Amino acid sequence: MLNDYIIIDSKTNKPMYQQIYLSIREAIENGSLKKGSKLPSIRKLSADRGISKTTVTGAYDQLCVEGYIVSSPQKGYFVAANFDKLPKTVEITDSDSLKSRYYVYDFSGKSIDEKIIDLAEWKKNIKDIINRNYLLTSYGDVQGEMALRSALQRYALGVRSVNAQEGNIVVGAGSQAILYLLCSLIGFGKKAAVEKSGYVQAEMIFKSFDYDIKYFESDKYGVTIDSLKKISPDIILINPNFSGTRGSNMPVTRRLEIIEWARQNNALILEDDYNGELRYSTRPIPCVQHYDVDNTVYIGAFSKVLLPSVRISYMVLPEKLLEKYNSVKRFMNQTASKTEQLALAKYITNGKIDAHLRRARRVYLEKSRAIISAVEKYLPEAKYQFNETSLYLTLKLPYSIDIAKTEEALAQRSVRLMRLNREENAPTLSFSGIAQEKLSEGVRIISEVLKNH
């Protein structure tokens with residue numbers, strides 16, 4: 001029988017027309033039926049298989065709709081699709097293979113210390129929002145929930161001296177989503193000045209907008225004006241909380257110099273205020289945007305301040321970019337969870353964030369002292385750069401190490417680092433997530449592995 005590729009099983013509950021449809025589709029996909037091959041007529045297939053013409057018509061119609069076959073008047077049905085080989089099928093994956101590896105000494109910075117977050121209070125806020133059906137059954141505000149933007153206005157002004165109105169704040173699901181939106185407002189083909197060891201994810205976004213990325217030079221106070229003159233950028237990306245060759249807080253004098261240069265040269269400042277509110281050994285200096293509301297975009301986030309799983313970031317737009325945003329926002333959708341936005345608004349408004357920050361500063365101050373003490377004890381030959389707000393140390397080693405072997409050896413000892421800088425031979429240790437009581441032993445193991453590789 002010429003149409004033996006059509007398999008019909010009378011014992012299955014699957015409809016007859018669907019069995020015919022699937023048989024023909026599979027024959028086309030696996031190459032048994034080539035493009036241009038003629039299918040049996042509806043009358044013939046109906047007679048050969050003892051089924052109704054309506055059943056065959058239903059199968060053929062579905063194949064026509066999906067483009068597998070075409071109907072030619074007075075001639076019949078022909079195969080229209082051409083498959084070189086059967087499409088790859090997805091196999092069921094063993095869930096055990098997807099489990100993340102657990103590290104006893106995790107210096108990767110991919111988590112925070114559980115001591116700083118009142119999870120019971122956070123869950124209470126989430127539950128309160130979930131129980132309000134009218135909030136869950138509607139789309140959120142594309143710019144960010146008004147309740148959150150209002151709370152952020154007071155919060156950012158209080159902890160970072162940000163000058164913002166509710167209308168200038170835009171909320172998104174993480175800093176990368178915010179940067180994508182920001183770059184779409186700025187436009188393509190710009191020249192961006194960034195720190196060489198700075199925000200890699202931002203560089204990836206800049207490249208996708210065809211930005212010419214240049215690395216600026218720094219002294220102990222941060223980016224130098226001379227390096228900006230050499231680059232002549234359209235955009236300057238800075239983190240004033242961690243700048244310069246010593247990783248120090250950028251002083252007000254340098255901030256004002258950058259603001260003045262950018263104003264005179266029509267350059268836009270992007271202030272990545274990553275964890276600016278987490279400074280604990282010194283008093284935080286007001287953000288750059290505090291001194292320049294017209295030419296600085298302020299970007300803040302809650303991944304380390306609150307919870308890494310709560311991907312909420314926000315930016316404060318100057319008026320010249322706000323006008324562009326307002327003209328296009330009707331074509332956009334909000335990327336951050338409405339439920340989490342409203343829960344965060346409540347967490348801030350009720351004053352819980354203030355207690356949270358006090359706890360975080362205390363915990364991270366103790367842990368920073370503990371890890372510095374451990375490094376000085378077990379790695380006395382290494383110099384280190386301490387980044388307070390980003391919660392990590394970068395080691396400067398007097399000897400070379402085999403990066404691949406070092407990472408493998410550390411993993412065997414259940415140790416994971418934040419990164420191993422291949423250019424500078426500089427292992428980086430974050431103390432944000434690892435328990436304080438594990439810091440000393442973790443650093444001891446790292447010292448052994450580094451000296452062996």
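Everything in this summary refers to the structure shown in the same document. Quick caveat: nothing in here was measured; it's all calculated off a predicted structure.

## Quick look at helix 6 (residues 146-160)
No. 1: The end-to-end C-alpha separation of helix 6 is 20 Å, in line with the 21 Å expected for 15 residues at 1.5 Å each.
No. 2: Considered for burial, the residues of helix 6 that qualify are Leu148, Arg149, Ser150, Ala151, Leu152, Gln153, Tyr155, Ala156, Val159 and Arg160.
No. 3: Contacts made by the buried residues of helix 6 are with strand 4 (169-172), strand 11 (296-301), strand 12 (313-316), helix 12 (338-349) and helix 13 (352-378).
No. 4: Two residues or fewer past helix 6, Ser161 is found with a positive phi of approximately 60 degrees.

## Description of the nonpolar core
No. 1: In this structure, Phe107, Tyr155 and Ile371 are the most contacted members of the largest nonpolar core, which totals 68 residues.
No. 2: For this core, the leading source of residues is helix 13, giving 10 residues.
No. 3: One finds Leu181, Ala202, Met315 and Tyr325 within the second-largest nonpolar core, a separate group that totals 28 residues.

## What to know about the side chain of His356
No. 1: Considering the arrangement of structural elements, one finds His356 in helix 13.
No. 2: The contacts of His356, once residues within four sequence positions are left out, are Ile116, Ile117, Val305, Leu306 and Tyr347.

## Brief notes about the layout of surface pockets
No. 1: Approximately 400 Å³ is the volume attributed to the second largest pocket.
No. 2: Contributing to the lining of the second largest pocket are 18 residues, with Ser111, Ile112, Gly433, Ile434 and Ala435 lying nearest its centre.
No. 3: Of the residues belonging to the lining of the second largest pocket, the class tally is 9 nonpolar, 2 polar and 7 charged.

## Observations concerning helix 1 (residues 16-29)
Three- or four-residue spacings in an α-helix give side chains the same orientation, since the helix completes a turn every 3.6 residues.
No. 1: In a regular helix each residue adds 1.5 Å, so 14 residues correspond to 20 Å; helix 1 covers 20 Å between its end C-alpha atoms and thus fits that length.
No. 2: Taken together, the buried positions of helix 1 are Gln19, Ile20, Tyr21, Ser23, Ile24, Ala27, Ile28 and Glu29.
No. 3: Those residues of helix 1 that are buried lie in contact with helix 2 (42-49), helix 3 (53-65), strand 1 (69-72) and strand 2 (76-79).
No. 4: Count one or two residues on from helix 1 and you reach Gly31, which has phi positive near 90 degrees.

## Overview of the packing of aromatic side chains
No. 1: The full count for this structure, using the stated rule, is 12 aromatic pairs.
No. 2: Centroid distance Phe302 to Tyr314: 6.0 Å. Interplanar angle 35 degrees. Geometry classified as tilted. A residue pair is termed long-range when its members are at least 10 positions apart, and Phe302 in the loop between strand 11 and strand 12 and Tyr314 in strand 12 qualify at 12 residues.
No. 3: With relative accessibility at 1%, the residue Tyr314 sits in the buried group.
No. 4: Pairwise contacts between aromatic rings join Tyr180, Phe188, Phe206, Phe209 and Tyr211 into one cluster.

Conventions we followed
Residues numbered from 1 in each chain as written. Predicted model: local features only at pLDDT ≥ 70, side-chain atom pairs only at ≥ 80, totals over all residues. Heavy atoms only, no water. Helix = DSSP H or I, 4+ residues; strand = E, 2+ residues; numbered from the N terminus. Expected span 1.5 Å × (residues − 1). Buried < 20%, exposed > 50% of the residue type's maximum accessible area, 1.4 Å probe, protein only. Contact = heavy atoms within 4.5 Å. Core = buried A, V, L, I, M, F, W, Y, C linked by side-chain atoms within 4.5 Å. 1 Å grid on protein atoms, 1.4 Å probe; cavity = no way out; pocket = protein on both sides within 12 Å on 5 of 7 lines; lining within 4 Å. Points joined across faces, edges and corners; volume = space filled by probe spheres on them. Nonpolar A, V, L, I, M, F, W, Y, C, P; charged D, E, K, R; others polar. Phe/Tyr/Trp six-rings, centres within 6.5 Å; stacked < 30°, edge-to-face > 60°.

In short, geometric facts, not functional conclusions.
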